[in-house]
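# Residue-level structure breakdown
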Number of protein chains: 2
Amino acid sequence: MTIVITAFERSPDGGKGLARDTRVRWALEEVGQPYEVRLVSFGAMKEPAHLALHPFGQIPTYEERDLGLFETGAIVFHIAERHTGLLPDDANARACAITWMFAALNTVEPPILELVTARIFESDKSWSAQRMPLVEDRVRNRLGQLSRRLGDAEWLDGAFSAGDLMMVSVLLRLRASGLLDEYPNLSAYVARGEARPAYKRAYDAQLAVNKPTAG
Amino acid sequence: MTIVITAFERSPDGGKGLARDTRVRWALEEVGQPYEVRLVSFGAMKEPAHLALHPFGQIPTYEERDLGLFETGAIVFHIAERHTGLLPDDANARACAITWMFAALNTVEPPILELVTARIFESDKSWSAQRMPLVEDRVRNRLGQLSRRLGDAEWLDGAFSAGDLMMVSVLLRLRASGLLDEYPNLSAYVARGEARPAYKRAYDAQLAVNKPTAG
């Protein structure tokens, strides 16, 4: 019955909560499910034992009895489907919440991933400074559309759902870039997500792993 | 009861089946559900009526009675959940098929989108030729991992599922790049997808819209 997830032995972000295990921890905290964490080194992530569980050699994974899952979206959906608190009961509202999960991961996150890649892996290239405005504008295009849809609503579609959990998590990756600050309603939306007790517990749990004093 | 989806009035790919309505058509064909198509111009996609249905101003959308959905992954999942043929009955196998849907959209497609963006929107930039090998290697990294997981299996996890539908659809975007040919088992996997009668019907239906002779 025990749920076991994997996380970085040492997260590249030093505990800012941007590693994807935070999304899974948050979902488990929202539905009140206890879990254990198995820490994995960068080396071990590329070894056969971990690749058998995660073909792309990443974290997080999710194990429960004889079920082994990878891919954050799938894990969060699995948690949301089996426990109360992350998906509405009404069938149409549920389909809309799931839509926002996919929108976060396949429409909003790809240009953000491109920005992160440009900053981390191409900052030393000759084209970096000249290309960055193009990449940032692709992110702004999505943020503008999302900002117009959200308006002054609290969450994307009625009550907080797995769709909001995923969208807030995706937008959090933008904080360091300053782009989020250009859209006050999105900044406030992200702050509402971070203020949820379940998010705070998830954040603190991943931080405890990544503190310099931690084993 | 009628299902209505949207598609490009004129697809940018000229009918190669890469516009995302093909994924939804394919899913509907697999489960044997008839559907109608409303064609949308590039102008209309950015107007309030369409934005009310799709906040990011894209196609496809899905309408059925009082339900309106956007985002291809969510639409295909909705179809798979409500009809027989795209998700296994066994709970664990179902969770694995859903995992492959998310993996296709959030792990395999983002570097492919980056490649497509580089080819379409940055080909005239001074850095294009120098940067392209980096972008291609990010795609190869994912293809290599996927190829190793697939091995000589027919589909990703047992019988054909919505996970395969999505993965094949994502990989199809690579055909013009030649990268897919470097992984014979992935090429064969994509060909098996294209050989399915439901895919052929979906492909033919979108081609009929985009033929020069079509209205």
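Residues numbered from 1 in each chain as written. Chains lettered and ligands numbered in written order. Predicted model: local features only at pLDDT ≥ 70, side-chain atom pairs only at ≥ 80, totals over all residues. Heavy atoms only, no water.

## Describing empty space enclosed by the protein
What the rule picks out here adds up to eight cavities of 30 Å³ or more. Roughly 60 Å³ of internal volume is contained in the largest cavity. What lines the largest cavity is Gly17, Leu18, Ala19, Arg20, Thr22, Arg23, Trp26, Ser169, Leu172 and Tyr199 of chain A. Those elements that provide at least two residues to the lining of the largest cavity are helix H1 (21-30) and helix H7 (162-172) of chain A. Per-element accounting of the lining of the largest cavity gives the leading share, three residues, to H1 of chain A. A per-class count over the lining of the largest cavity returns five nonpolar, three polar and two charged. Lining of the second largest cavity is provided by Gly17, Leu18, Ala19, Thr22, Arg23, Ser169, Leu172 and Tyr199 of chain B. Elements supplying a minimum of two residues to the lining of the second largest cavity: helix H1 (21-30) and helix H7 (162-172) of chain B. Classifying every residue of the lining of the second largest cavity by side-chain character gives four nonpolar, three polar and one charged. (1 Å grid on protein atoms, 1.4 Å probe; cavity = no way out; pocket = protein on both sides within 12 Å on 5 of 7 lines; lining within 4 Å. Points joined across faces, edges and corners; volume = space filled by probe spheres on them. Helix = DSSP H or I, 4+ residues; strand = E, 2+ residues; numbered from the N terminus. Nonpolar A, V, L, I, M, F, W, Y, C, P; charged D, E, K, R; others polar.)

## Section: helix H9 (residues 197-210) of chain B
Residue and element names in this part refer to chain B. Between its first and last C-alpha atoms H9 spans 20 Å; for 14 residues at 1.5 Å apiece the expected length is 20 Å, and the two agree. Along H9, the residues that are buried comprise Ala198, Tyr199, Ala202, Gln206, Val209 and Asn210. Mapping the buried residues of H9 onto a view down its axis gives an arc of 110 degrees, with all of them on the same face. Contact partners of the buried residues in H9: strand S1 (3-8), H1, strand S2 (36-40), H7 and helix H8 (184-194). (Expected span 1.5 Å × (residues − 1). Buried < 20%, exposed > 50% of the residue type's maximum accessible area, 1.4 Å probe, protein only. Arc of directions from axis to C-beta. Contact = heavy atoms within 4.5 Å.)

## Comments concerning the UniProt feature "domain: GST N-terminal" (unreviewed entry) in chain A
In the numbering used here, UniProt assigns the "domain: GST N-terminal" (unreviewed entry) feature to residues 8-87 of chain A. Counting secondary structure, residues 8-87 of chain A comes out at 39% helix and 18% strand; the distance between its end C-alpha atoms is 28 Å. (UniProt positions renumbered as here; feature names shortened; annotations may be inferred.)

## What to know about the interface of chain B and chain A
On the chain A side, the residues contacting the 53 residues of chain B number 53 residues. Taken together, both faces of the contact between chain B and chain A bury some 4300 Å²; the carbon and sulfur share is 59%. Among the ionic pairs, glutamate 122 of chain B bridges to arginine 138 of chain A, the shortest N-O distance being 2.6 Å. Run the count over chain B and chain A and you get 22 residue pairs in polar contact (both at pLDDT 80 or more). Those elements that provide at least two residues to the side of chain B that touches chain A are helix H3 (48-53), strand S4 (67-70), helix H4 (72-82), helix H5 (91-121) and helix H6 (128-150) of chain B. Considering each element in turn, the side of chain B that touches chain A owes the most residues, 21 residues, to H5 of chain B. Of the residues in the side of chain B that touches chain A, the class split is 26 nonpolar, 13 polar and 14 charged. (Buried area = accessible area lost by both parts, 1.4 Å probe. Salt bridge = Lys/Arg side-chain N within 4 Å of Asp/Glu carboxyl O. Polar contact = N/O pair within 3.5 Å; in protein donor to acceptor, adjacent residues only side chain to side chain.)

## Here we look at unusual backbone geometry
All names here are of chain A. Here the bond from isoleucine 59 into proline 60 is cis, since omega is 0 degrees, no more than 30 degrees from zero. Counting through the fold element by element, proline 60 comes out in the loop between helix H3 (48-53) and strand S3 (61-64). One non-glycine residue with positive phi stands out, namely arginine 65, at about 50 degrees. Along the chain, the position of arginine 65 falls in the loop between S3 and strand S4 (67-70).

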